[in-house]
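Per-entry structural report
Chain by chain, the residues:
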Amino acid sequence: QVQLVESGGGLVQPGGSLRLSCAASGGTFSDRVMGWFRQAPGKERKFVVAINRSGVMLSYEESVKGRFAVDRDNAANTVYLQMYSLKPDDTGLYYCARKKTDRFDGARDAGQYDYWGQGTQVTVSS
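Residues numbered from 1 in each chain as written. Predicted model: local features only at pLDDT ≥ 70, side-chain atom pairs only at ≥ 80, totals over all residues. Heavy atoms only, no water.

1. Details of the pattern of salt bridges
One pass over the structure, following the stated rule, counts 10 salt bridges. The salt bridge involving Arg38 is made with Asp90; its shortest N-O contact spans 2.8 Å. In this pair, Arg38 sits in strand E4 (residues 34-39) while Asp90 sits in the loop between strand E8 (78-83) and strand E9 (92-99), placing the two residues 52 residues apart along the sequence. Across this residue pair, the class does not change: Arg38 and Asp90 are buried. (Salt bridge = Lys/Arg side-chain N within 4 Å of Asp/Glu carboxyl O. Helix = DSSP H or I, 4+ residues; strand = E, 2+ residues; numbered from the N terminus. Buried < 20%, exposed > 50% of the residue type's maximum accessible area, 1.4 Å probe, protein only.)

The following block contains the structure:
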């Protein structure tokens, strides 16, 4: 069984930075697309970013372009989300997820992912 564990969330002021980590165990990681999603209170879970197995192909949601950067270390079975210039609207529970296949097509669709972490809370507030 695949397990994904997110960490690195916390409380930061607007304009601050956080680096989230997602550690994977128990299954295939290095040959799969990985994604980050987030969910604000009372809202639907939304796509944030996806990265393919080599780290070359990337897809970012428009509101985070230029502020967030995703990368991965396959040897460490870990994917990262570096967040800069955080805004209050970035507040939410952040999830990492493993895509069902190694294809980058459909990476923005939550239905294309088969394993999810428990989430790590990011709160951006003064």
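Now that the structure has been shown, we can carry on.
2. Topic: the pairing of strand E3 (residues 18-25)
Pairing geometry for strand E1 (residues 3-7) and E3, over 5 bridges, is antiparallel. Bridging from a neighbouring strand, Glu6 pairs with Cys22 of E3. Pairing of E3 with E8 involves 6 bridges; the strand directions are antiparallel. By the bridge assignment, Leu18 is partnered in E8 with Met83. (Pairing = 2+ DSSP bridges.)

3. Some details on the packing of aromatic side chains
Describing an aromatic ring pair means giving the distance of the ring centres and the angle of the ring planes. Enumeration according to the criterion identifies 5 aromatic pairs in this entry. Between the aromatic rings of Tyr95 and Trp116, the centroid separation amounts to 6.5 Å while the plane-to-plane angle is 80 degrees, which identifies the pairing as edge-to-face. Here Trp116 lies in strand E10 (residues 113-116) and Tyr95 lies in strand E9, a separation of 21 residues in the sequence. Three or more aromatic residues joined by ring pairs make a cluster, and in this case those are Phe37, Phe47, Tyr95, Tyr113 and Trp116. Arg45 extends its terminal NZ or CZ atom over the ring of Tyr95, reaching a point 3.7 Å from the ring centre. Between Arg45 and the ring centre of Trp116, over which it is positioned, the NZ or CZ distance is 4.8 Å. (Phe/Tyr/Trp six-rings, centres within 6.5 Å; stacked < 30°, edge-to-face > 60°. Lys NZ or Arg CZ within 6 Å of the ring centre and 35° of its normal.)

4. Digging into the nonpolar core
Counting 25 residues, the largest nonpolar core has Trp36, Phe68, Val70, Val79, Leu81, Met83 and Tyr94 as its most contacted members. For this core, the elements supplying multiple residues, two or more each, are E3, E4, strand E5 (46-51), strand E7 (68-73), E8, E9 and strand E11 (120-124). Ignoring anything within four residues of it in the chain, the contact list for Phe68 reads Arg38, Val48, Tyr60, Leu81, Gln82, Met83, Tyr84, Leu86, Asp90 and Tyr94. In this structure, Ala50, Ala97, Phe104 and Tyr113 belong to the second largest nonpolar core, which totals 8 residues. (Core = buried A, V, L, I, M, F, W, Y, C linked by side-chain atoms within 4.5 Å. Contact = heavy atoms within 4.5 Å.)

5. Concerning the environment of Lys46
Position of Lys46 among the secondary structure elements: in strand E5. In contact with Lys46, other than residues within four places in its own chain, are Phe37 and Arg38.

6. What to know about the environment of Cys96
Looking at the element boundaries, Cys96 is found in strand E9. In this structure Cys96 comes out as buried when scored by relative accessible area, which is 0%. Not counting the four nearest positions on each side in its chain, Cys96 is found in contact with Leu4, Glu6, Cys22, Gly35, Trp36, Tyr115, Trp116 and Gly117.

7. Regarding the sheet that holds E8
Reading across from one edge, E1-E3-E8-E7 is the order of the 4 strands in this open sheet, with antiparallel pairing throughout. Two strands in the sheet have a free side with no partner beyond their single neighbour: E1 and E7. Ignoring which end each strand starts from, the neighbouring axes of this sheet average 15 degrees apart. As judged from the 6 bridges shared by E7 and E8, these two strands associate in the antiparallel manner. Paired with Arg72 across the two strands is Val79, which belongs to E8. (Axes fitted to C-alpha atoms, helices over the stretch in contact; angles between N-to-C directions.)

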